[in-house]
Amino acid sequence: MIIVMQSTATEAEVEAVTALIAASRLTSHVSRGSERTIVGVIGISHDKETLLGQFAEMSGVESVVPISKSYKLVSREGRDEPTIVRLPNGVTFGGETLAIAAGPCSVESREQIFATAASVARSGANLLRGGAFKPRTSPYAFQGMGLEGLTIMRDAADAHGLAVVTEVLDVRDVETVAAYADILQIGARNMQNFGLLREAGAARKPVLLKRGIAATIEEWLMAAEYVYVAGSHDIVLCERGIRSYDPMTRNLLDLTAVPLLRSLTHLPVIVDPSHGTGVRALVAPMSLAAVAVGADGLIVEVHPNPATAKSDGPQSLTLPLFAELMDRLDPVARAVGRRLPAKAFAV
Ligand code: PEP
Ligand code: MN
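What you see is a predicted model, and the numbers here were worked out from it, not measured in a lab.

K.L.:
Can you walk me through the site of ligand 1 in this structure?
P.N.:
Taken together, Arg 129, Lys 134, Pro 135, Glu 167, Gln 185, Gly 187, Ala 188, Arg 189, Lys 210, Arg 240, His 275 and Glu 301 make up the full set of residues adjacent to ligand 1. The contact in question runs from an oxygen atom of ligand 1 to an N or O atom on the backbone of Ala 188, over 2.8 Å. A total of 300 Å² of accessible area belongs to ligand 1 in isolation, and the protein chains cover 97% of it. Across the shell around ligand 1, the residue classes break down as 2 nonpolar, 3 polar and 7 charged.

K.L.:
Please explain the packing of aromatic side chains as it appears in this structure.
P.N.:
Two aromatic rings are characterised by how far apart their centres lie and by the angle between their planes. All chains considered together, the criterion is met by 1 aromatic pair. Aromatic pair Phe 194 and Tyr 226: ring centres 4.5 Å apart, planes at 25°, arrangement stacked. Here Phe 194 is found in helix 6 (residues 194–202), whereas its partner Tyr 226 is found in helix 7 (residues 217–230), with 32 residues between them in sequence. Classification of Phe 194 as partly exposed rests on a relative accessible area of 30%. Judged by relative accessible area, which is 29%, Tyr 226 ranks as partly exposed. We note Lys 310 situated over the ring of Phe 142; from NZ or CZ to the ring centre the distance is 4.9 Å.

K.L.:
What exactly am I supposed to notice about the nonpolar core here?
P.N.:
Nonpolar side chains in soluble globular proteins tend to be buried together. Residues Leu 209 and Phe 322 are the most contacted members of the largest nonpolar core, which totals 75 residues. Ranked by residue count, the leading element in this core is helix 7, at 7 residues. For this core, the domains that each give at least three residues are domain 1 (2–65) and domain 2 (85–335). In this view, Leu 209 contacts Ile 186, Met 191, Leu 197, Trp 220, Ala 223, Ala 224, Ile 235, Val 236, Leu 237 and Cys 238; residues no more than four positions away in its chain are not counted.

K.L.:
What am I meant to see in the pattern of salt bridges here?
P.N.:
Think of it this way: side chains of opposite charge can pair up when their charged atoms draw near. All chains considered together, the criterion is met by 14 salt bridges. One salt bridge in this structure joins Arg 339 and Glu 96, with 3.4 Å as the shortest N-O distance. Residue Arg 339 is located in the segment after helix 11 (319–335), and its partner Glu 96 is located in the loop between strand 6 (92–93) and strand 7 (99–103); the two are separated by 243 residues in the primary sequence. The partly exposed category is assigned to Arg 339, whose relative accessible area is 39%. One salt bridge connects Arg 334 with Asp 330, and the closest N-O pair in it is separated by 3.2 Å. Taken together, the residues Arg 334 and Asp 330, both in helix 11 and 4 residues apart, mark about one turn of the helix. Taken together, the shared-partner salt bridges connect Arg 154, Asp 158 and Asp 182 into one network.

The rules behind these values
- Residues numbered from 1 in each chain as written.
- Chains lettered and ligands numbered in written order.
- Predicted model: local features only at pLDDT ≥ 70, side-chain atom pairs only at ≥ 80, totals over all residues.
- Heavy atoms only, no water.
- Near = heavy atom within 4 Å.
- Polar contact = N/O pair within 3.5 Å; in protein donor to acceptor, adjacent residues only side chain to side chain.
- Areas by Shrake-Rupley, 256 points an atom, 1.4 Å probe, with all protein chains shown as cover.
- Nonpolar A, V, L, I, M, F, W, Y, C, P; charged D, E, K, R; others polar.
- Phe/Tyr/Trp six-rings, centres within 6.5 Å; stacked < 30°, edge-to-face > 60°.
- Helix = DSSP H or I, 4+ residues; strand = E, 2+ residues; numbered from the N terminus.
- Buried < 20%, exposed > 50% of the residue type's maximum accessible area, 1.4 Å probe, protein only.
- Lys NZ or Arg CZ within 6 Å of the ring centre and 35° of its normal.
- Core = buried A, V, L, I, M, F, W, Y, C linked by side-chain atoms within 4.5 Å.
- Domains from an automatic or database assignment.
- Contact = heavy atoms within 4.5 Å.
- Salt bridge = Lys/Arg side-chain N within 4 Å of Asp/Glu carboxyl O.

Next comes the structure, spelled out in structure tokens:
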């Protein structure tokens, strides 16, 4: 259940509520919004009805909302106001300006990353993407540059005023990746790695949570709930396509998820049209569509020379194709009341 405090509720009144929650052997989660404080109650009570009545009678309490959903704190009922995730360099997910992450699938070399960062910043991206730890289907495929890749990402992003989004694959690497990234990416294959979700949440860094390869929307929201409960409230959901029966595309990009999630959760939602389609020619049209249906941003694979890419070359845009996409996105973003990040000046 969720206890909504009155806008005039005092700290002592909030404390009285959390004290009763603790006395009932339940856990409380206090979320302070700009308008009001909401207390989430976590755990199972055998006498829910009595407890509901008790909370409703307490001073400072506006209403008590029983939430039957298994995700509570990330749900719309848990918090009305949309969450805006803010990164240190001013990038926002959920604000008027879209978050646009661009870069290669894998970090391959310093030259590759610096060339990409310079170009995508000039085209108007505000985050640099790139995997240093890669989740590869085959154990013999390129596994990523590891720590060296993280340092390259950080250096290139700082040189071009970009934020860093990169995947953390293993619970043992959370601290290391968190030291270099502005937002920790949890990949599709790890969406239900509950230990990793907890550890990433405990790192108290923003988290980009990709949809699992065959995850329902509800499973995805429950995965986000794990991160939220563990301590990070700055969670961005990323629709990246789900497995379908049709091999023409790598995945089936579920754009319905964007407006649907809007009604279910206060968390921002972005779209990955690269993994969502697996086909370079489909990346631009699906990017335009994603922004049109209200996505808060995009994460796009871009490579200076996709033919030589160590992973995901066929779905990677070239640098000029990314620049062209950004120009085409501009009027679509404006049509839905959003704007693209400012383009960096050539340096
Ligand atoms: C990626 O973004 O590089 C990636 C591996 O994505 P996903 O987890 O969506 O497959
Ligand atoms: Mn990839």
